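# Survey of secondary and tertiary structure
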Amino acid sequence: MSCLQHKPFLNLRSLQTAGPRRIVPAPFTAAHSSRIQRSTSQAQLGQSHSCLSARRLTMSSSVATRAAAVEAPAAPVLPYRVGHGFDLHRLAEGYKLVIGGVEIPHTKGCEAHSDGDVLLHTVTDAILGALSLPDIGQLFPDNDPTWKGASSDIFVKEAVKKMQEAGYVLGNLDATIIAQKPKLSPHKENIRANLCKLLEAHPSVVNIKAKTHEKVDSIGEERSIGCHAVIMLIRKDMV
């Protein structure tokens, strides 16, 4: 009897009413609660780090954008500008051969959307290149009917206009026409005179050379004609 008096009294009615209960040892419950608290704290800390990283990334991006805007160099005003031009056209029967605005007697001419003047196309591209502008194909596309059969004088004059608007004049021009036939030597002075007129330049700063292609490739086989040109522009206030 004395032993039974020290045992806690069990209320059988309350146990039957409440249903089955899981009795968890006190030490396990405390440890589990501690782990939950640590996990929650770590999750909150991770979220804080993520937010901080996002803010730092946003701030870095903003700073980089402002720095790029501040550090972007202004366009330099160059005393000289150099440009290179190149063009090549197929030769075919039924077309006129026009070089430098001068019609050259020949059995073939340049097959092109405009008049196919290989020299003037090259010079136009050289000027545009020196000015860092879009090339002749972008300014005068060959799928635009406006330029169908057009004289290439138009292209050179537009390039010269842009050159003058940018504050430059022609320093000098050196061009090389490459053709197996016809011989261009008899026509070089006429070509140069007309080119000087279009460029508004003195003949002393415009040079025209003519070369064959030693019967090599399409130019040497008289299937095409090519041209190279190098040009230097000078600031007007330096002349």
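You'll find the structure just up there.
Now for a look at the structure at hand.

Conventions we followed
- Residues numbered from 1 in each chain as written.
- Predicted model: local features only at pLDDT ≥ 70, side-chain atom pairs only at ≥ 80, totals over all residues.
- Heavy atoms only, no water.
- Helix = DSSP H or I, 4+ residues; strand = E, 2+ residues; numbered from the N terminus.
- Buried < 20%, exposed > 50% of the residue type's maximum accessible area, 1.4 Å probe, protein only.
- Contact = heavy atoms within 4.5 Å.
- Areas by Shrake-Rupley, 256 points an atom, 1.4 Å probe, with all protein chains shown as cover.
- Pairing = 2+ DSSP bridges.
- Axes fitted to C-alpha atoms, helices over the stretch in contact; angles between N-to-C directions.
- 1 Å grid on protein atoms, 1.4 Å probe; cavity = no way out; pocket = protein on both sides within 12 Å on 5 of 7 lines; lining within 4 Å.
- Points joined across faces, edges and corners; volume = space filled by probe spheres on them.
- Nonpolar A, V, L, I, M, F, W, Y, C, P; charged D, E, K, R; others polar.
- Core = buried A, V, L, I, M, F, W, Y, C linked by side-chain atoms within 4.5 Å.
- Left-handed = near helix turned anticlockwise from the far one by under 90°.
- Expected span 1.5 Å × (residues − 1).

Turning next to the overall build of the protein chain. Check the secondary structure of the protein chain and you find eight helices and seven strands. Put simply, the protein chain has 239 residues, and 31% of those count as buried. Partitioning the intrachain contacts of the protein chain with sequence separation of at least 6 by distance along the chain shows that 74% fall at a separation of at least 24. Just so you have it, the protein chain exposes about 15,700 Å², and 57% of that area is on carbon and sulfur atoms.

The strand order across the open sheet built from five strands is β4-β1-β7-β5-β6, with neighbouring strands paired in mixed fashion. Edge positions in the sheet fall to β4 (109-111) and β6 (206-211), since each has one partner strand and no second. Mean inter-strand twist for the sheet, computed between neighbouring axes without regard to direction, equals 30 degrees. Where strand β5 (residues 168-178) and β6 come together, six bridges link them in parallel fashion. For Asp 174, the partnering residue across the bridge sits in β6 and is Asn 207. Contacts from helix α7 (residues 188-199) reach β5 and β6 within the one sheet, and its direction differs from that of β6 by about 140 degrees.

Further remarks concern the layout of surface pockets. Over the atoms, a rolled probe matching the size of one water molecule traces out where space is still vacant. Considering only enclosed or pocket space, the largest pocket measures out at about 180 Å³ in volume. Contributing to the lining of the largest pocket are 13 residues, with His 113, Ser 114, His 121, Phe 140 and Asp 142 lying nearest its centre. Counting only elements with at least two residues in the lining of the largest pocket, the list comes to β1 (80-92) and α5 (136-139). In the lining of the largest pocket, the residues fall into six nonpolar, five polar and two charged.

In this structure, Ile 99, Leu 119, Ile 127, Leu 173, Leu 195, Leu 199 and Val 206 are the most contacted members of the largest nonpolar core, which totals 39 residues. The set of elements that each furnish at least two residues to this core consists of β2 (97-99), β3 (102-104), α4 (118-130), α6 (153-165), β5, α7, β6 and β7 (224-235). A total of eight residues in this core trace back to one element, the largest contributor, which is α4. Judged by nonpolar contacts, the second largest core, of five residues, contains Ile 136, Phe 140, Trp 147 and Phe 155.

A separate point is the environment of Ser 218. With respect to the secondary-structure elements, Ser 218 resides in helix α8 (residues 217-220). Judged by its relative accessible area of 21%, Ser 218 falls in the partly exposed class. Residues Ser 218 and Leu 91, 127 residues apart in the sequence, show an inter-C-alpha distance of 9.5 Å. Residues in contact with Ser 218, not counting those within four places in the same chain, are Arg 223 and Ser 224.

This part takes up the packing of α4 against α7. Between α4 and α7, the least distance of the axes is 12 Å, while the angle of their chain directions is 35 degrees. Relative to α7, α4 is oriented so that their crossing is right-handed. Where α4 abuts α7, its residues Leu 119, Leu 120, Val 123 and Ile 127 lie against Ile 191, Leu 195, Leu 198 and Leu 199. When its residues are assigned to classes, the contact of α4 with α7 shows eight nonpolar, no polar and no charged.

A separate point is α4. Its 13 residues place the ends of α4 18 Å apart at the C-alpha level, agreeing with the 18 Å of an ideal helix rising 1.5 Å per residue. Extensive coverage of α4 is indicated by the burial of 12 of its 13 residues. Residues of α4 that are buried include every one of Val 118, Leu 119, Leu 120, His 121, Thr 122, Val 123, Thr 124, Asp 125, Ala 126, Ile 127, Leu 128 and Ala 130, and no others.

Read these as layout, nothing more, since geometry by itself doesn't imply function.
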